[in-house]
Amino acid sequence: MKDLVFATSNKGKLVELQGLVGEGVKIASLADYPQLGEIPETADTFEGNSELKARAVAMATGRWALADDSGLVVDALSGRPGVYSARYAPTDAERIAKLLAELGGVDDVKRTARFVCSLCLCSPTGEVVFTRGTCEGRIGHAPRGAHGFGYDPIFELPDGHTLAELTHDQKSGLSHRGHAFRLMVPELKARLGA
Ligand code: IMP
């Protein structure tokens, strides 16, 4: 059995990836490496940030490392909040309120947006492999739905439902992260021999 360190402290992401990879690869997380601390996300692209984290963890642990970076790209805001999605405002409710305010008066057809997730796998010797998943939709006018997190209540899919109106499994089937994970699984299996 080969080991991989997923550079996340988010239990939900860990469980989702382990479910897709199966039992052949044992996945550790940052919870298993408290000495590593927070890795600063200083790049201005999703790929740049996922690579920063994967490389830092691979070099510090001497193991294969995987890292993700994701966010919401809004066309009418020239791609903002983008890589700054988590830092756009202090809380989820404030981030949603700020985004709706910035889009005040913008027509439905111009409210197109997508979630993006970059995954970077880094070998112990520093070679990297990327996958990217996206989820297309548009920003609604008011929050709807009780599931999910972050911007989910205002992110409308082409069928009109928000991501927060889907179950966890429904969201995973079509989300940016789900797509990026599913593209990464064969890369992982090929390299870790699982
Ligand atoms: P992270 O890189 O996965 O931590 O995501 C950065 C930020 O993007 C989060 O704090 C959320 O604000 C936003 N975000 C990423 N993925 C999602 C999602 O699936 N739903 C809602 N918001 C998301």
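A few points on the structure. Source: prediction; values computed, not measured.

1. Considerations on the site of the ligand
Here's step 1: Residues in close proximity to the ligand total 15 residues, the closest being Lys13, Ser70, Asp152, Lys171 and Arg177.
Here's step 2: In the environment of the ligand, an oxygen atom lies 2.6 Å from a nitrogen or oxygen atom belonging to the side chain of Ser70.
Here's step 3: With respect to the detected pockets, the ligand is housed in the largest pocket.
Here's step 4: At the level of secondary structure, the elements contributing two or more residues to the shell around the ligand comprise β3 (64-74) and α5 (176-192).
Here's step 5: The dominant element in the shell around the ligand, judged by the number of residues it contributes, is β3, at four residues.
Here's step 6: When grouped by side-chain class, the residues that make up the shell around the ligand number four nonpolar, five polar and six charged.

2. Structural notes on the pattern of salt bridges
Here's step 1: Tallied over the entire structure, the rule returns 15 salt bridges.
Here's step 2: Among the ionic pairs, Glu102 bridges to Arg80, the shortest N-O distance being 2.7 Å. Pair noted here: Glu102 is in helix α3 (residues 92-102) and Arg80 is in the loop between β3 and β4 (81-82), with a separation of 22 residues, a long-range link.
Here's step 3: Glu102 gets classed as partly exposed once you look at its relative accessible area, which sits at 30%.
Here's step 4: For Arg80, a relative accessible area of 37% gives the class partly exposed.
Here's step 5: Arg95 is paired through a salt bridge with Asp92; the nearest N and O atoms lie 3.0 Å apart. Here Arg95 and its partner Asp92 are both found in helix α3, three residues apart, which amounts to about one turn of the helix.
Here's step 6: Because the salt bridges share partners, they merge into one network encompassing Lys13, Asp68 and Arg177.

3. A few points about the packing of helix α1 (residues 11-21) against α5
Here's step 1: Look at α1 against α5: their axes get within 10 Å of each other, and the N-to-C directions meet at 50°. Compared by their axis directions, α1 and α5 come out oblique. In the crossing of α1 with α5, the sense of the turn from one axis to the other is right-handed. Side by side, α1 and α5 meet where Lys13, Glu16, Leu17, Leu20 and Val21 of the first sit next to Arg177, Gly178, Phe181, Arg182, Val185, Leu188 and Lys189 of the second.

Reading the values: the criteria
- Residues numbered from 1 in each chain as written.
- Predicted model: local features only at pLDDT ≥ 70, side-chain atom pairs only at ≥ 80, totals over all residues.
- Heavy atoms only, no water.
- Near = heavy atom within 4 Å.
- Polar contact = N/O pair within 3.5 Å; in protein donor to acceptor, adjacent residues only side chain to side chain.
- 1 Å grid on protein atoms, 1.4 Å probe; cavity = no way out; pocket = protein on both sides within 12 Å on 5 of 7 lines; lining within 4 Å.
- Sits in = over half its atoms within 2 Å of the grid points.
- Helix = DSSP H or I, 4+ residues; strand = E, 2+ residues; numbered from the N terminus.
- Nonpolar A, V, L, I, M, F, W, Y, C, P; charged D, E, K, R; others polar.
- Salt bridge = Lys/Arg side-chain N within 4 Å of Asp/Glu carboxyl O.
- Buried < 20%, exposed > 50% of the residue type's maximum accessible area, 1.4 Å probe, protein only.
- Axes fitted to C-alpha atoms, helices over the stretch in contact; angles between N-to-C directions.
- Parallel < 35°, antiparallel > 145°, perpendicular 65-115°, else oblique.
- Left-handed = near helix turned anticlockwise from the far one by under 90°.
- Contact = heavy atoms within 4.5 Å.

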